[in-house]
Each structure stands twice: as structure tokens, then as C-alpha cells.
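Single-letter residue listing:
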Amino acid sequence: MIAFLIKRLFHALLVMFVISVIAFAIQDNLGDPIQQMVGQSVPESEREALREELGLNDPFLVQYLRFAVNAAHFDFGYSYVFNQPTTDVVLRHLPATLELVAAATFLIIVLSVPIGVYSAIKPRAWLSRFFMGVSIVGISIPVFLTAIVLIQLFAIGVSWTPFPADTGWGAWLNDLITTEGGMPAYGRGDPVPVFGTWETNFASLEGLSYLVLPAISLASIMLPLFIRLIRAEMLEVLQSDYVKFARAKGISPRRIYFLHALKNTMLPVITVGGVQIGTLVAYTILTETVFQWPGMGLMFLDAIERSDIPLIVTYLMIVGLIFVITNTLVDLIYGLINPTVKLTGKPA
Amino acid sequence: MTTLTSRPKSRWERFCDSYLLYSFKRDLIAQISLLVFIALVAVAVLAPWLAPMNPYDLSQIDILASELPPFWVDGSDPAYLMGTDAQGRDLLSTILYGARVSLIIGFGAVLMQATLGVCFGLLAGYLGGRVDAFLMRLADIQLSFSTLMVAIVVGALFKAIFGGGTFSDYAVPLLVLIIGLAEWPQYARTVRASVLAEKGKEYVDAARVMGLSSRRIMFRHILPNTLSPIFVISTVQVANAIISEAALSFLGLGMPETQPSLGSLIKSGFDYLQSGSWWITLIPGVVLVVLVLVINLLGDWLRDVLNPRLYKG
Amino acid sequence: MSLLDVNHLDVRFALRGGDVRALRDVCFSLDRGERLGIVGESGAGKSVAAFSLLNLIAKPGYIAGGSICFDGQELIGLSDRKLRKVRGHRMSMIFQDPMMTLNPVLTIGEQMVECLKAHRRISTREARSISLNKLQQVQIPSPEARLDQYPHELSGGMRQRVIIAIALLLDPDVIIADEPTTALDVTIQAEIMALLLELCEKHNVGLILITHDLGVVSQVTQRMLVMYAGRVIEQGPTREIINDPQHPYTQGLINALPQMATPGSRLNQIPGSMPSLSNLPSGCAFHPRCAFVERADGSRRQACHDQVPEFVTSGNCQAACHMVAEMIESERIPAEEQDR
């Protein structure tokens, strides 16, 4: 187990190293801190002096090392736009994004496991076919379009009466396709402060109502993927000899499905799926843009538009760190569930 | 191909006998998907001749006719079948041209990523050792960062390096490059996996014993055997590339509004959603979804039929 | 009446091009404590026969007809709930590949206890002590420690011992062993086979041994069936069949054994290969490979091409072959003439 941990940690450090080199290269080539600090009017000689003083003329390696040491202390300089340490700016936006990802993850797990398992157990049932059909349509809809449709349906509302309203079925069909609207679809509302800069949407019904539409749209990308993944893995496991052997032992189908098969299904699902949950952070850029959700993604897009290089670099480093942490956690959980991984830590 | 007729069975005859065609004839969904896909590609390619207006031509645009609804909604103008967008462009024409842009970028990006991925995958799988470790670690890192994230970052970088104006002028090749760079690991991992499986087989040893060069063995002997998984992921990747392009355009990192793709059309309409002009967003949205859906359905069918070893993940 | 009576068993696979008949008209019986071997090439339907006894054939396979009568109870058409009471309890199975048969994420103990608890109302502690006892019977070193180990911590031979222990867990009447030693190292094959034989004898358990190894069958079983292309083509006491095979196919199988070849010459083999089940030859399925389609005088026996052979009895054995039928007939006619 220790050897396993050290190996994972080494891998994580390597990934962070690569990300930091990329981030540094961006900062080095695109950011001109002098311009931001003193503006256009200062003569070239003064700029040169300042450049020398700040160490911007040092060799690449020296500059990178300085960057890396600062990065290890989460010090990436000041944001041009906010005029605050970039780490503070990113951390202020972090809770909103993490809450959105958490809510979406919750939806994905709660829905994908039962649906995936059901459609693997009963592959020919019409409900399974329906789920499979919906999931391939779901994969084909870009996340921002899901968000827009949700806004149109539940925030703006649809009043459409193509069917004759004077007949019973017409009125019923009209009612069915007409939606109220009124769901909040802009920003976070008034989240409840918890600790420091962390404010939560989970503490009040009103806060949750702001979370509903963004969380559903964020979940909508991964949900079909997870359903299909779980179904495919489960179908494969159900073909295996050990499931046949369990049936030959006279074990009840429920125990075979939910213990023998599901536990084996979850192993690949955790490796593939855990990483996918990490990449949800990337998709928050799209969801947050549509819903103006004040998280890191929206901040990042803003930073790109205003060429706020230190903020872009900080975002990349912190998101990179989040990815690395989720990947390492996923590996750990996998190691805990899969008995074959523990080889090194077993007493002889 | 005049020699074909002299062979005992021509390629066409072999295709007619194949399981591929047999299962296609039995699969209604695959048939409909292919039909819709061909129709969409046809109208997109023929857009300059089919579209009622040229949305790139400013002189044809009537700003007074902006935000007109499609024909089935009250207040529509019969001259504009699908209504107009906020700049007064005929929506139908803009969608046709937009689908063309989306398809060009989708196929171009897949060509790009396939070239990169196949080369890297062959190298990694055939050479092994350090090259393999380096390339696969790189692919791992990129995938754990998610392809969308990589595309956004590369897109933002290009925009910062070239400046907004130049970026817009060369948006199509740049987007092809961006999406190609973001998605090559998918190919590389699949190709590497099948190369590793093929490498152990005897025919490769035989080729090596005969003194063929590594490059010849890779491209003439191993590559043809990895074609079926490449073919299957290519369909899915075209769909992914079209979605990626739409996402980038939606974020303002893709096609400019003067030369819109389906994604940038959706983005331009989004601002008018609250004021009730839903069609500028939703009609191109439906076209985008149908296009991606039929490609995905075809990909699903192909995977079921060819059933190659695909890399999980 | 025997413990197990299988009559006219018909198993099919519903494939796209139509049904493929994997088993046709398979009949056999097994007495209490008897050991029966089922032999044949791969694809002959041996495993399908084994799995269909407990209705464990995977879709698209299904039992299309016939009867399986076990201890007075008809198994075909039985509800899954009732069938489950038979599976693992009265009839248990041993699979071919011990590396794939145990669930990799559950401990040996969990996999044994769940089997006991599925059939008996007992506490986990009792179940564990029974499991321990069975592990001791299969001579696994340090059985206590094994209960909490995962399958991957055991070697292939040890896993097969665990599987035998699971098969014996509820003292069944019959064990169906589907090539139980094929996937093992040659060095431990004999060991595992001897163990299985010893335990079956000791507990008076019937054994249906499915294998392509005639040597094993001749050592272990009392009676045997030979299968070809989904049919039983010869059956009877093992010793008699091995010593005096009637059916040309069985003769071929026995002649193909390495010990039957004269030193220095090539091994004898049956020409050709088994036909695909979806495209069987007409008449006797073996006739394209059979050396006896032509009679000794050079004339062709048309029945081999046209008619599916019926079983004919010769001594204690039965064989489905036109040639054998003709020989018996020709022996009987002179006898009848003498009587006159």
C-alpha cells in the first residue's frame, strides 16, 4: 500500500510539473508585467531597469524555478483586473464551482447506477431501449444547448397551443407542452455564508432552486456516458464464468446482480468515471457562462477576454491541482475496492 | 481500376457479400441515420447554390428585417422561411452555411487528430520503451485534463498570440489545429493497443525476419490491421469535433459571427432568448443535434458490427 | 428408475439466421453414485449438455424439448425459484477454468458461506465451520487462512480445490464436472482428478465428467457417452467401449490416442473436421469423414447419406451407425437360417 501511494504521489508531482511548465511558458511569453504595472508613458530605460530589478532578464531556468517556488506557496502574483492576489480571486470563485460539480456528481451517481444496471439486466425491455435511446440523444446534445433549452422551458416558460383547446385531449396536450417558467437561471441568488469566503447554496431551499438548472445541465453531459459505460461493463460481467458459477451454486438473482456483478462492474467504472467527474470542472466553463454562475469557469473566460494572464495561469494551476487530486483519489478508492491491487501491503 | 474485373471477385462484389452490408440492410436506424447524414452533408456542401441568401454578403442583408420569426409563428415574412437573426440575415441560409463550416471543421479536425494520433500510436506501440512511456504519459495527462479544457486553453492561447482579428481571419484552420491537438490521445491509445496486440503475432516476426524496415512493417503490415478500430472511433470523433467546435464558438473562441458556424449562431441567438426570439438559438441547435445524433448512431452501429477492441476510457 | 433420466433433450440457439440445434435427441441416465463420462471433440455439445441439465444455458440458447427427470422431479419447465433449490444443493457444477470461476472481488469464505446460506438456514459461523471442514477435505494447506483470502492469492490448482470444496459443500447427489482439469498444469491434473474421484466415492456422489480426454474417462468412469455434432453416437460401459468401440468415430478417437500408434509411425488421425452445427451434412453427420461409407466389397452404403442412424444394441453398448446395424443384421440372418 505504501509503495502504491508513493508511486501515485510521484505521478501526481510529475503531472503538476508538466502543468507548471506550460503555465510558466504562457506567463513568460504572453504576460508583460511591466506594461501592466507602469503603463505606456514610462520611457524604455526605466522599463529596462524595472525589468532587471524584477528578474525578468534572468535565464529561463532561473525564472522558472522562481515561478515554481512561488507556485508551491500559491503565489502567482496580482490579477491585472481585480488588483488582488490571483489566488484570492480564484479561491473566492472556487466554492461556487465546486458546489455545482458536487450537485451534478450527485445527480449522475444517483441516476446512472440504477439505470445502467437495469438496462444491463433486462437489455430487451422497452424501458431499457428507451433509456439507451435517450442516452444517445443526450450524448449528442452539447451542454450549452441543454442549458439553453432548460432556460427556455423552466425559466422563461413556453406557452404554445398547437392543439385545439376546445377538445379535452387538445387541452391536455397543450398543458403538457406548456411550462410555467420562473425557475431561477441567473447567478447564485443569495448563498448562505459558511466559512471565510465560502458561501453555500445547499443551506436553503431558495439557494437550492438556483442550483437546480445549472446542475442538471452539467450532469446532462456525463449522465448518458455513465449509463452506457455501466451497462456495457455490467453486460460483460454477466457473461463471465464467475456469474455463471454463482448461478450454478443456486444464489438468488438479486445477490448475483447487486453483489457479484455490480462490484466487478464498478471497478472499471470507477477508473474511467472518476476521471470523468474531474473533467466536469472543465465543463463548468460552459455551464457557468450560460447561467452566469459566478464560479471559476466564468472567471476564467472573463480573464481570457481581458487578457488577465496571471489569473489565467493561476486558474490553470489550480484546476490542474484539482484534476490531479481527483485522479489520485480515484486510484486510491480503486485500490481499496479491488483486492488484487493490495499485493504489496499484505502480510505474508 | 481495370484489373478489378479480372479478379475472381471484385471489391464491389466482396462488399455486397460482406456482413457490413448485410447488417446494414437489417438495421432501420442505421439506414435512416445514413440517409439524414447524406442529406445534411449534401445541403451543406451545396449551400451556395441552395441558400436563398448569401449571409456573408453584407449588401443582401436587411437590418430592418431582423428577428423575424419562422413561418409557422405569427408575424413571419414568407421571404424568410426560418425567420431571420438579430442582424437580419435569413436564418435558413445562415444555417446552411453554418452547417458547412461545422462539417468542414469536424472532418478537418478528425483528419488532423487521426494523423497525429495514428503516428504517435504506431510509434509508441512499435518502438515501446521510453518513446512509449513519454507519449502515453502525455496522452494520460491530456486526457485527465479533459479534451475540452485543452481545446479551450489552446484556443485562448492562439487568440492571445495572434490577436482577435487575425484569429477570426484564420479561424477554420486554427480550429482544426486546436481540436486536432486536443483529441489525438484517443487515436494514439487505440492504435497503440491494437499495435501491441498485432505485434505479438507471427506475421510481424516473419516480416522482420525477411529484413523489412520498421517503417514498412508499421505502415504496410500493422496499420491495415488496426483500421477497423480507427474507423469506428473516427465516426464518434467527427461528432465530438463538431460539438467541440460548437462549444468553442459558443465561448467566443471559435468562428466569428460574420462567418458563423452552428455554434456561433447559437451563441449569437442566446442574447435574444430572453426577449422571446427563441428561434435564432433553437433552430440551429436542432440542426446541430440532428447532425451529431445521426453520426453517433452510425458510429454505434459500426461498433456493433465491426466489434473491434477499443481502448476503454 | 435412475437418479437422473434425460430423454430426447433438444437444445437450440436462436441466432439471426434461424435456430441452430446444439443438442438433438440426447438420452442418457445416471444412477446414484455412478460415474458417467461424456466425450467428444470441442463443439460436439458436451458443455451444452452439462449446462442444460441445470438450465444454465446462456441466451440465445434454450431448451426446445425433451425431459430431464431428477430424483422423480421434472426439471424442464420448473420455475427459477424451484430450480435454484436444486442448483448447488442437489446437483453442483465444477467449471473448466478455475482462474475465471471464482469471483475476484469476494473472499473464498464469502463465496462458500453464501452458497450454504442460500440453501440452509444457518448462521454465518456454522457456515464458516462447514466451509472450513470442506476445505480440509480437499487438502488445501492452511485452510483457515484461505477463508479470508481472495482468489488471486491462490494458484490455479488450489482454486480448483476450492471449487471442488464448493461443489461438495451441500453434499449433492450429482456433480457435473466440465473439463475440470483441462486448464491446469499437466503436473497437477492427475492430482486434482484423483481427489475428485476419491471424494465422489467416499460420499457416494454421482459424477458426470465432461472431457475430451479418453484416458481420464477410462480411468474414472463406469459408463460413457460419445457425442458428435450434437448427438450421442455411442454409449455403454466404459471398459467395453474402450476395448471394442463399435462406431467408426469412437474407433477413430481411440486410434488417435498417442499410445495406440506404433512407435516410429505417424499418429492416427480422423480425416477432416467436425461440421458446423448450422450446416450439418445429411444422413449420418459423420459420413463425410467416415471410412466405412463404402462397404468392404466397394459398394456405397446409401443410408449413410440419406438416413439419420438409429441406435442399435450390441452387447451392453449402443451405437448409432448404419454400418454397425448392417453387421448385426448380417450376423442375425445366418443365425435365423440355422434355426430353421
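None of the values given here were measured: they were computed from a predicted structure.

Rules used in this analysis
Residues numbered from 1 in each chain as written. Chains lettered and ligands numbered in written order. Predicted model: local features only at pLDDT ≥ 70, side-chain atom pairs only at ≥ 80, totals over all residues. Contact = placed C-beta atoms within 7 Å. UniProt positions renumbered as here; feature names shortened; annotations may be inferred. Helix = DSSP H or I, 4+ residues; strand = E, 2+ residues; numbered from the N terminus. Nonpolar A, V, L, I, M, F, W, Y, C, P; charged D, E, K, R; others polar. Pairing = 2+ DSSP bridges. Axes fitted to C-alpha atoms, helices over the stretch in contact; angles between N-to-C directions. pLDDT = per-residue confidence, 0-100. Buried ≥ 20, exposed ≤ 12 C-beta atoms within 10 Å, placed from the backbone. Left-handed = near helix turned anticlockwise from the far one by under 90°.

1. With respect to the arrangement of the chains
Highest in contacts among the two pairs of chains that touch are chains A and B. For chain B and chain C, which are not in contact, the least C-alpha distance works out to 10 Å.

2. Here's the deal with the UniProt feature "transmembrane region" (unreviewed entry) in chain A
Here the UniProt-annotated "transmembrane region" (unreviewed entry) positions come out as residues 9-27, 100-118, 130-156, 208-230, 265-286 and 309-337 of chain A. Taken end to end, residues 208-230 of chain A has its terminal C-alpha atoms 29 Å apart, with 100% of it in helix and 0% in strand.

3. Some details on the interface of chain B and chain A
Counting residues at the interface gives 33 residues for chain B, matched by 32 residues for chain A. Secondary structure elements with two or more residues in the side of chain B that touches chain A: α6 (129-144), α7 (147-169), α11 (227-250), α12 (262-270) and α13 (279-306) of chain B. Element by element, the count of residues in the side of chain B that touches chain A is highest for α13 of chain B, at nine residues. Counted by class, the side of chain B that touches chain A contains 24 nonpolar, seven polar and two charged residues.

4. Some details on the sheet that holds strand β12 (residues 317-320) of chain C
All names here are of chain C. One open sheet holds the eight strands; their spatial order is β6-β7-β8-β3-β9-β10-β12-β11, and the pairing between them is mixed. What marks the edges here is a single partner per strand, and that holds for β6 (91-94) and β11 (311-314). Along the sheet, successive strands turn relative to each other by an average axial angle of 20°, direction set aside. As defined by bridge partners, strand β10 (residues 231-237) adjoins β12 across two bridges and the pair is classed as antiparallel. Paired with E234 across the bridge in β12 is A319.

5. Quick look at the environment of A147 of chain A
Residues and elements named next belong to chain A. In this fold, A147 is placed in helix α7 (residues 143-156). The sequence separation of A147 and E288 amounts to 141 residues, and the corresponding C-alpha distance is 9.7 Å. Apart from the residues lying within four places of it in its own chain, the contact partners of A147 are S217, T287, V290 and F291.

6. A closer look at the confidence of the model for chain A
Should the pLDDT be low somewhere, the predicted coordinates at that spot are not to be read in detail. All names here are of chain A. Predicted confidence across chain A gives a mean pLDDT of 82, with 90% of residues reaching 70 or more. Of all helices and strands in chain A, the one with the weakest mean pLDDT is helix α2 (residues 33-38) (63), whereas helix α10 (residues 241-248) scores best (92). Counting interchain partners and residues more than four positions distant, the pLDDT-below-50 stretch residues 343-348 has five contacts.

7. Describing the environment of R189 of chain B
Residues and elements named next belong to chain B. Tracing the chain through its elements places R189 in helix α8 (residues 171-199). Exposure remark for R189: the 25 C-beta atoms within 10 Å place this residue in the buried category. Residues R189 and P173, spaced 16 residues apart in sequence, show a C-alpha to C-alpha distance of 25 Å.

8. Observations concerning the packing of helix α5 (residues 91-127) of chain B against α8 of chain B
Residue and element names in this part refer to chain B. Two elements in contact, α5 and α8, have axes whose closest approach is 4 Å; the angle formed by their N-to-C orientations is 40°. Along this stretch, α5 crosses α8, giving a crossing that reads as right-handed. Of the residues assigned to the contact of α5 with α8, the class counts are 24 nonpolar, eight polar and four charged.

9. Considering helix α1 (residues 46-53) of chain C
Given 3.6 residues to a turn, an α-helix orients residues that are three or four positions apart in the same direction. All names here are of chain C. Burial of α1 is extensive: eight of the eight residues sit out of reach of the surface. Those residues of α1 not exposed but buried are K46, S47, V48, A49, A50, F51, S52 and L53. Of the residues flanking the end of α1, it is N55, one or two places downstream, whose phi is positive at about 50°.

10. Structural notes on the sheet that holds strand β1 (residues 4-15) of chain C
Strand pairing in a sheet relies on backbone hydrogen bonds, with the paired strands running either antiparallel or parallel. All names here are of chain C. Read from one edge to the other, the open sheet built from four strands follows the order β2-β1-β4-β5, with strand pairing classed as antiparallel. With one partner strand each, in any of the chains shown, β2 (18-30) and β5 (73-74) form the two edges of the open sheet. Two elements, strand β4 (residues 61-70) and β5, share two bridges in a ladder whose sense is antiparallel. The residue bridging F70 from the neighbouring strand is Q73, located in β5.

11. Examining unusual backbone geometry
Although it is not a glycine, F74 of chain A adopts a positive phi angle of roughly 60°. Assignment of secondary structure puts F74 of chain A in the loop between α4 (60-72) and α5 (86-121). C-beta crowding within 10 Å serves as the criterion here: with 16 such atoms nearby, F74 of chain A is assigned to the partly exposed category. A positive phi angle, near 50°, is found at D71 of chain C, a position not held by glycine. If you trace the backbone, D71 of chain C turns up in the loop between β4 and β5.

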